[in-house]
Amino acid sequence: MRFARERADADRFARALEPSPVRRDGEFADELVVVGALRELGAAGAPDLETRQRIRAEIAGRLETAAATPVRRWRPRTADLVAAALFLFLLLSGLTLVLSRNALPGDPLYAVKRAGETTSLSLTFGDQEKAKKHLEFATNRVTELGELAAEGASDADYRTAYDDFANDLRAGVTQLTAVATSDGSGAQQLSDVRLWARNQAARLAAQQSALPAEAASVFGDAQTLLGKVQERTSGLVARLNCYQITTGKADDLGLLPATGECTQRPAPSSGGDPSSAPTSPTSAEETTTPTPTGTQLPPSSDATATAGTPAPTGGLTPPPVFGQPPTTSRPPATSTSRPPPLVSIPPLLPGLPPIIIG
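How each quantity is defined
Residues numbered from 1 in each chain as written. Predicted model: local features only at pLDDT ≥ 70, side-chain atom pairs only at ≥ 80, totals over all residues. Heavy atoms only, no water. pLDDT = per-residue confidence, 0-100. Contact = heavy atoms within 4.5 Å. Salt bridge = Lys/Arg side-chain N within 4 Å of Asp/Glu carboxyl O. Helix = DSSP H or I, 4+ residues; strand = E, 2+ residues; numbered from the N terminus. Buried < 20%, exposed > 50% of the residue type's maximum accessible area, 1.4 Å probe, protein only. Expected span 1.5 Å × (residues − 1). Arc of directions from axis to C-beta. Lys, Arg positive; Asp, Glu negative; His and termini not counted. Core = buried A, V, L, I, M, F, W, Y, C linked by side-chain atoms within 4.5 Å.

### Considering the confidence of the model for the protein chain
Of the residues in the protein chain, 68% reach a pLDDT of 70 or more, and the chain-wide mean stands at 74. Below a pLDDT of 50 lies the segment residues 270–325, which in the model reaches 16 contacts outside its immediate sequence neighbourhood of four places, other chains included.

Here you go:
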């Protein structure tokens, strides 16, 4: 009701503002006075004819100037185009790499996945770190073999996964065994590789019960290769304390362990080795007096005993004998010369026999 009443008042006020020959009552007298004053004020402030013509001419002149000025269109520069293209390429490459994480051999994005692994390997520095990367990729291939068996892939897909697995495995084992045998202190590294190979062989063996016929041979080849890795690392660990660790020859898994007699390396000592200290040669005729110890007595001060004089008894010293030249008794001469010690020089290169002097 209130809204209707306000609407009726507004309509009456609008009709009161319209000119009418009929005189109206004084309902809106005060409001009409205000409206009339505003109309007079607006008419007084309106520009005259000359002012309106001047404003019109000025606006027309500005429009003509704007129409005569050529419009410069924005054109992209070459650098902007190259930057945009590079950004788009990186964006698409990143999305493709993310989508290819779960790609398997035979999928369109598997090549992109392998390219990403190659890029990651090229950004890794150091033979040991590169070897670990190769073994990490070989672990991924073992996982992919299990996923292919679950999806029923073709024989070509199995062979692709095995070939990539074998390449990464051989590269990683070759580099890591070379680093471990370079100074003979890589027993822990070789043990880690042997344990890794054992674990991967156990993963493959756990999946053989549900393998299709075309995958059995591939899994068997992978287990055979892992067995060779275990055998190789065990042989190298057994030779790490020998001067000759390897034969100097290599195959697809790296250096071959030596099979000859093992010449043990000397155990490292904290102090100096007295046997290796240089000694000056002594003459066979040169004698030295033995050093007295706690069980020896010092030599007697009376060295004037003569031949034929009986030895003193009862703890008494015999009187001196005059007229005979005194003789001086000396302790028995002992030779301190001994054969020079054997000097062993470690091999200059891995796989060479040691050099023994003496």
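### Focus on the pattern of salt bridges
Tallying each qualifying case throughout the model produces twelve salt bridges. In this structure, Arg114 engages Asp168 in a salt bridge whose closest nitrogen and oxygen atoms are separated by 3.2 Å. Here Asp168 lies in helix α7 (residues 155–180) and Arg114 lies in helix α5 (residues 110–122), a separation of 54 residues in the sequence. Classification of Asp168 by relative accessible area gives buried; the value is 6%. One salt bridge connects Arg232 with Asp251, and the closest N-O pair in it is separated by 2.7 Å. Residue Arg232 is located in helix α9 (residues 213–238), and its partner Asp251 is located in strand β1 (residues 246–251); the two are separated by 19 residues in the primary sequence. Take Asp251: its relative accessible area is 34%, and that puts it in the partly exposed class. Three or more residues are tied together by salt bridges with common partners; here these are Lys113, Arg114, Glu117, Arg141, Glu144, Asp164 and Asp168.

### What to know about α5
In a regular helix each residue adds 1.5 Å, so 13 residues correspond to 18 Å; α5 covers 19 Å between its end C-alpha atoms and thus fits that length. Those residues of α5 lying buried are Tyr110, Lys113, Glu117 and Leu121. Across the axial projection of α5, the buried residues extend over an arc of 80°, all falling on one side. For α5, the exposed residues set more than 90 degrees away from the buried face come down to Ala111 and Thr118. Considering only its buried residues, α5 is in contact with α6 (127–151) and α7.

### Description of the environment of Val35
The topology assignment puts Val35 in helix α2 (residues 29–45). In the structure, Val35 is positioned 18 residues away from Leu17 in sequence and 8.3 Å away in space, judged by C-alpha atoms. Once residues within four sequence positions are removed from consideration, Val35 is found in contact with Phe13 and Leu17.

### Observations concerning the side chain of Asp157
Here Asp157 is to be found in helix α7. Although Asp157 is buried, it forms no salt bridge, and the closest oppositely charged side chain is Arg159 at an N-O distance of 11 Å.

### With respect to the nonpolar core
By size, the foremost hydrophobic cluster in this structure holds 31 residues, and its most contacted members are Tyr158, Phe165, Leu169 and Leu226. Listing elements by their share of this core, those giving two or more residues are α6, α7, α8 (187–206) and α9. Looking at which element gives the most residues to this core, the answer is α7, with eight residues. Once residues lying within four places of it in the same chain are set aside, the contact partners of Phe165 are Ala138, Arg141, Val142, Ala222, Leu225 and Leu226. Counting five residues, the second largest nonpolar core, distinct from the first, contains Ala180, Leu190, Leu236 and Ile245.

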